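Overview (structure and organization)
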Amino acid sequence: MKQWQVSLKELYESKKSQLAADLKLKNPMQVPSISKIVINVGTKEAVVDKKVLDKITEQLGLIAGQKLVVTHAKRDISSFKLRRGMPIGAMVTLRGKRMWAFLEKLINIVFPRVRDFRGVARTSFDGRGNYSLGFKEQIVFSEIEYSQVDKIRGMQITINTTAKNNENALKLLEILGFPFKK
């Protein structure tokens, strides 16, 4: 890393006192932070073709840089020919250094690669300070080679924060440089 470049975690640490002042917090332990990032890919094709799940796990492993967990159906849905316990997707939870590295990659590399990107929505908070966003295609990540992709699939990314409400989480993500719509 070059001398003048500051990592996202260092940026957060330097702006922590400013964030506490903006949110009118007295205790420095109340300042919100990011606790984890969950990346989830689910597909109905995995019910019919088991090789689809192998491809999904391979691609998600490249994106996350760590081992993932295969998700299974929680209940039977006869119209989808889905039985309880069948593998239907994959997910990975990032914490610590990998979480900060992924967030930095998301802001600086992935968002600019999204076609017709005008910013992320301010309304995708869940009421408890967690932010969710989705991608329609996995090829916006630089680790995925377009020639190796069998089918375009989407994914959901959830950023869990320690913020108590949406306003505090919004301030936290703005300080980190999240490109919200104006």
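This text goes with the structure placed above it.
Here the structure is a predicted model, which means the values were calculated and not measured.

1. Quick notes on the sheet that holds strand β3 (residues 87-94)
- On the basis of which strands lie adjacent, the open sheet formed by five strands has the order β2-β3-β1-β5-β4 and antiparallel pairing. Among the strands making up the open sheet, the edge pair consists of β2 (69-72) and β4 (131-135). For this sheet, the mean angle separating the axes of adjacent strands, direction not counted, is 25°.
- Where β4 meets strand β5 (residues 155-161), five bridges bridge the pair, whose relative direction is antiparallel. For Leu-133, the partnering residue across the bridge sits in β5 and is Ile-157.
- Contacts between helix α4 (residues 96-113) and the sheet are confined to β1 (34-42), β3, β4 and β5, with β1 contributing the most and set at about 65° to the helix.
- The strands that helix α5 (residues 166-175) touches are β1, β4 and β5; relative to β5, the one it contacts most, it runs at about 105°.

2. A word on the nonpolar core
- Within the largest apolar cluster, 49 residues are counted, with the highest numbers of intra-cluster contacts made by Ile-37, Ile-39, Leu-103, Phe-135, Phe-141, Ile-157 and Phe-178.
- Those elements giving two or more residues to this core turn out to be α1 (8-22), β1, α3 (50-64), β3, α4, β4, β5 and α5.
- The greatest single-element share of this core, amounting to eight residues, is contributed by α4.

3. Topic: the environment of Arg-84
- Mapped onto the elements, Arg-84 comes out in the loop between β2 and β3.
- Measuring from C-alpha to C-alpha, the distance between Arg-84 and Asn-108 comes to 40 Å, with 24 residues separating the pair along the chain.
- The contacts of Arg-84, once residues within four sequence positions are left out, are Ala-73, Lys-74, Arg-75 and Asp-76.

4. Things to note about the pairing of β5
- In terms of residue burial, β5 counts as a mostly covered element, since six of its seven residues are buried.
- Judged from the six bridges that link them, β1 and β5 form a sheet pairing that is antiparallel. Counterpart to Ile-39 in the pairing with β5 is Ile-157.

5. Overview of the pattern of salt bridges
- Considering all chains together, one arrives at two salt bridges under this definition.
- A salt bridge links Glu-13 to Lys-16, with the nearest nitrogen and oxygen atoms 4.0 Å apart. Taken together, the positions of Glu-13 and Lys-16, both in helix α1 and three residues apart, correspond to about one turn of that helix.
- Exposure remark for Glu-13: the relative accessible area of 42% places this residue in the partly exposed category.
- Overall, Lys-16 belongs to the partly exposed group, its relative accessible area being 29%.
- A salt bridge links Arg-122 to Glu-174; its shortest N-O distance comes to 2.9 Å. One end of the pair, Arg-122, is in the loop between α4 and β4; the other, Glu-174, is in helix α5, and 52 residues separate them in sequence.
- Residue Arg-122 is classed as partly exposed on the basis of its relative accessible area of 35%.
- Looking at Glu-174, the relative accessible area reads 33%, which means it is partly exposed.

6. Side note on the environment of Leu-106
- Along the chain, Leu-106 turns up in helix α4.
- Owing to a relative accessible area of 0%, Leu-106 belongs among the buried residues under this scheme.
- Distance in space between the C-alpha atoms of Leu-106 and Val-140 is 9.8 Å, their sequence separation being 34 residues.
- With residues up to four places along the chain from it excluded, the contact list for Leu-106 reads Phe-111, Phe-135, Ile-157 and Phe-178.

Rules behind the numbers
- Residues numbered from 1 in each chain as written.
- Predicted model: local features only at pLDDT ≥ 70, side-chain atom pairs only at ≥ 80, totals over all residues.
- Heavy atoms only, no water.
- Pairing = 2+ DSSP bridges.
- Helix = DSSP H or I, 4+ residues; strand = E, 2+ residues; numbered from the N terminus.
- Axes fitted to C-alpha atoms, helices over the stretch in contact; angles between N-to-C directions.
- Contact = heavy atoms within 4.5 Å.
- Core = buried A, V, L, I, M, F, W, Y, C linked by side-chain atoms within 4.5 Å.
- Buried < 20%, exposed > 50% of the residue type's maximum accessible area, 1.4 Å probe, protein only.
- Salt bridge = Lys/Arg side-chain N within 4 Å of Asp/Glu carboxyl O.

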